Amino acid sequence: MKELRGRVALVTGASRGIGAAIATALAAEGCDVALAARSTEALASLSTTLGQQYGVKTLALPTDLSDERQVEEMVQKTMAAFGRIDILVNNAGAGIYGDMAALCSANLRATFDLNFFAPIAAMHAAVPHMAAQGDGVIVNIGSIVGKFPQPLGGGYSASKYALHGASGAARAELKSDNIAVVLVCPGLTDTEFAAHSRVSVPGVEDMQGERHAPLRGVPPQRVARRVVKAIRRREREVYITLFDRLVVLGAQLFPGFFAWGLLLATKIRRRRFAESRRRMTDG
Ligand SMILES: NC(=O)c1ccc[n+]([C@@H]2O[C@H](COP(=O)([O-])OP(=O)(O)OC[C@H]3O[C@@H](n4cnc5c(N)ncnc54)[C@H](OP(=O)(O)O)[C@@H]3O)[C@@H](O)[C@H]2O)c1
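Please read all numbers here as calculations on a predicted model, not as lab measurements. (Residues numbered from 1 in each chain as written. Predicted model: local features only at pLDDT ≥ 70, side-chain atom pairs only at ≥ 80, totals over all residues. Heavy atoms only, no water.)

### What to know about the site of the ligand
Here comes step 1: Around the ligand there are 30 residues in total, and Arg-38, Ser-39, Asn-91, Tyr-156 and Thr-191 lie nearest to it.
Here comes step 2: One of the side-chain N or O atoms of Arg-38 is found 2.7 Å from an oxygen atom in the ligand.
Here comes step 3: In isolation the ligand has 890 Å² of accessible area, and contact with the protein removes 96% of it.
Here comes step 4: Residue assignment for the shell around the ligand shows that the elements contributing at least two residues are helix H1 (17–28) and helix H5 (154–174).
Here comes step 5: Here the shell around the ligand is built from residues that sort into twelve nonpolar, 13 polar and five charged. (Near = heavy atom within 4 Å. Polar contact = N/O pair within 3.5 Å; in protein donor to acceptor, adjacent residues only side chain to side chain. Areas by Shrake-Rupley, 256 points an atom, 1.4 Å probe, with all protein chains shown as cover. Helix = DSSP H or I, 4+ residues; strand = E, 2+ residues; numbered from the N terminus. Nonpolar A, V, L, I, M, F, W, Y, C, P; charged D, E, K, R; others polar.)

Right under this line is the structure:
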């Protein structure tokens with residue numbers, strides 16, 4: 001999809017972080033953008049800013065993506081407003097932290113609803129329109145921890161593994177409709193992701209909003225620039241940094257050595273969780 005000007009893009013999780021950066025980058029390229037998330041005010045504000053700054057059409061779509069009916073409506077409203085949908089960016093997502101064997105299953109299901117079932121429902125709703133147009137790009141935001149397990153983040157990892165698997169299958173199935181499926185695997189990115197993730201640890205079922213040290217990774221704008229390039233080139237799978245790519249390669253080529261690293265990571269993260277749990281119970 002070489003020319004992006006005049007295209008219509010629907011971006012989920014556009015109220016902040018990586019999604020807001022992707023929506024901004026696409027608007028800067030001249031795309032009309034539909035912005036979905038739950039935070040009505042943040043969406044309205046970004047929608048106004050992008051319209052004024054780049055002269056594109058914008059649409060704020062307050063949506064709870066864990067409700068499949070709302071996901072369908074989000075796509076229908078985009079079609080009603082713009083008459084087409086060229087780019088779907090399935091970006092909204094959240095983490096869940098805690099020992100795999102002790103995760104609260106309701107929290108794990110909620111994580112899958114958002115990280116896995118919402119992108120599937122969005123693809124389901126958008127693909128018939130893209131197929132009728134004879135063109136489209138679907139971007140699924142995965143993670144490097146969808147390539148190897150994240151200790152004490154296994155529920156989140158599992159939801160991304162599921163999304164990665166579905167993306168690969170959909171890519172092959174949709175090729176004949178000229179619809180590309182791009183899987184993006186960011187590593188640590190500087191957003192509010194951790195603060196909005198669920199923490200599900202033994203003794204404290206759900207410490208929603210627990211804050212860890214802020215994520216000091218690459219700026220979300222860097223992820224967004226890479227996503228725009230990947231859309232243009234209809235790339236298959238994308239990493240943001242060389243470090244991310246090497247870690248994933250290392251996990252695949254040296255599984256024994258990598259497993260040892262995971263043991264170490266488990267110890268470090270367990271200590272961090274214990275500290276934050278102590279802070280929660282003390283405070
Ligand atoms: N940050 C990282 O280090 C990192 C690394 C790899 C992959 N990722 C992935 O990148 C994507 C974006 O994450 P981020 O870092 O930008 O996190 P973030 O700052 O927490 O943003 C998450 C976005 O998802 C939206 N969202 C959450 N729950 C929702 C729901 N039920 N319905 C609709 N929207 C919902 C949020 O909006 P509302 O709260 O307004 O609904 C927000 O716009 C996620 O898929 C994440 O897994 C992040």
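We are not done yet, so read on.
### Overview of the nonpolar core
Nonpolar side chains tend toward joint burial in soluble globular proteins.
Here comes step 1: With 38 residues, the main nonpolar core has Ile-22, Leu-26, Ile-87, Val-139 and Ile-231 as its most contacted residues.
Here comes step 2: Looking at which element gives the most residues to this core, the answer is H1, with eight residues.
Here comes step 3: If near-sequence neighbours (up to four positions away) are discounted, Ile-87 is found in contact with Met-1, Leu-4, Arg-7, Val-8, Ala-9, Leu-10, Leu-26, Cys-31, Met-130, Val-137 and Ile-231. (Core = buried A, V, L, I, M, F, W, Y, C linked by side-chain atoms within 4.5 Å. Buried < 20%, exposed > 50% of the residue type's maximum accessible area, 1.4 Å probe, protein only. Contact = heavy atoms within 4.5 Å.)

### Let's talk about the packing of aromatic side chains
Here comes step 1: The final tally for this structure, using the stated rule, is five aromatic pairs.
Here comes step 2: Judged by centre distance (6.4 Å) and plane angle (65 degrees), the ring pair of Phe-112 and Phe-116 falls under edge-to-face. In this pair, Phe-112 and Phe-116 are both assigned in helix H4 (residues 105–133), four residues apart and thus about one turn of the helix distant.
Here comes step 3: For Phe-116, a relative accessible area of 16% translates into the label buried.
Here comes step 4: For the pair Tyr-156 and Phe-193, a centre-to-centre distance of 5.2 Å together with 55 degrees between the ring planes defines the contact as tilted. Within this pair, whereas Tyr-156 is found in helix H5, its partner Phe-193 is found in the loop between strand E7 (179–185) and strand E8 (198–199), the two being separated by 37 residues in sequence.
Here comes step 5: Tyr-156 sits in the buried class, given a relative accessible area of 9%. (Phe/Tyr/Trp six-rings, centres within 6.5 Å; stacked < 30°, edge-to-face > 60°.)

### Here's the deal with the side chain of Ser-159
Here comes step 1: As for its position among the elements, Ser-159 is in helix H5.
Here comes step 2: Of the residues examined, Ser-159 reaches a relative accessible area of 0% and is grouped as buried.
Here comes step 3: A polar contact is formed between the side chain of Ser-159 and the side chain of Asn-115, at a distance of 3.1 Å.
Here comes step 4: In contact with Ser-159, not counting residues within four places along its chain, are Thr-111, Phe-112, Asn-115 and Phe-116.

### Remarks on helix H6 (residues 220–233)
Here comes step 1: Here H6 contains 14 residues, and its C-alpha end-to-end distance of 20 Å stays within 8% of the 20 Å for a straight helix at 1.5 Å per residue.
Here comes step 2: Of all the positions in H6, only Pro-220, Val-223, Ala-224, Arg-226, Val-227, Val-228, Ala-230 and Ile-231 are classed as buried.
Here comes step 3: On its buried face, H6 sits against H1, strand E4 (87–90), strand E6 (136–141), E7 and strand E9 (237–239).
Here comes step 4: Immediately downstream of H6, the backbone of Arg-234 shows phi near 50 degrees, a positive value. (Expected span 1.5 Å × (residues − 1).)

### Structural notes on a nonpolar patch on the surface
Here comes step 1: On the surface, Leu-242, Leu-246, Leu-249, Leu-253, Phe-254, Phe-257, Trp-260, Leu-264 and Ile-268 cluster together into a nonpolar patch covering about 1,000 Å² of accessible area.
Here comes step 2: Every element with two or more residues in the nonpolar patch is listed here: helix H7 (242–253) and helix H8 (255–282).
Here comes step 3: With respect to the helices and strands, Leu-264 occurs in helix H8. (Patch = residues over 30% accessible without salt bridge, like charges linked within 9 Å, V, L, I, M, F, W, Y side chains within 5 Å. Salt bridge = Lys/Arg side-chain N within 4 Å of Asp/Glu carboxyl O.)

### Examining helix H2 (residues 40–54)
Here comes step 1: Over its 15 residues, H2 runs 21 Å from end to end, which matches the ideal 21 Å to within 8%, given 1.5 Å per residue.
Here comes step 2: Restricting attention to buried positions, one finds in H2 the residues Leu-43, Leu-46, Ser-47 and Leu-50. With its buried residues spanning 105 degrees around the axis, H2 presents them on a single face. Residues of H2 that are exposed and angled more than 90 degrees away from the buried face: Glu-41, Gln-52 and Gln-53.
Here comes step 3: Close packing links the buried residues of H2 with H1, strand E2 (32–37) and strand E3 (58–62).
Here comes step 4: The first or second residue beyond H2 is Gly-55, which carries a positive phi of 65 degrees. (Arc of directions from axis to C-beta.)

### Quick look at the pattern of salt bridges
Here comes step 1: All told, the structure shown has eleven salt bridges when counted by the stated rule.
Here comes step 2: We note a salt bridge from Asp-86 to Arg-7, for which the minimum N-O separation is 3.5 Å. Taken together, the positions of Asp-86 in the loop between helix H3 (68–82) and E4 and Arg-7 in the segment before strand E1 (8–12) put the pair 79 residues apart, joining distant regions of the chain. For the residue pair Asp-86 and Arg-7, the accessibility class agrees, reading buried in each case.

### Some points on the packing of H1 against H2
Here comes step 1: The N-to-C vectors of H1 and H2 enclose an angle of 25 degrees; their axes lie 10 Å apart at closest approach. Looking at the two axes, H1 sits roughly parallel to H2. As H1 runs across H2, the sense of the crossing is right-handed. The segment H1 lies against H2, with Ala-20, Ala-23, Thr-24, Ala-27 and Ala-28 engaging Leu-46, Leu-50 and Tyr-54.
Here comes step 2: Along the lines of polarity and charge, the residues of the contact of H1 with H2 split into seven nonpolar, one polar and no charged. (Axes fitted to C-alpha atoms, helices over the stretch in contact; angles between N-to-C directions. Parallel < 35°, antiparallel > 145°, perpendicular 65-115°, else oblique. Left-handed = near helix turned anticlockwise from the far one by under 90°.)

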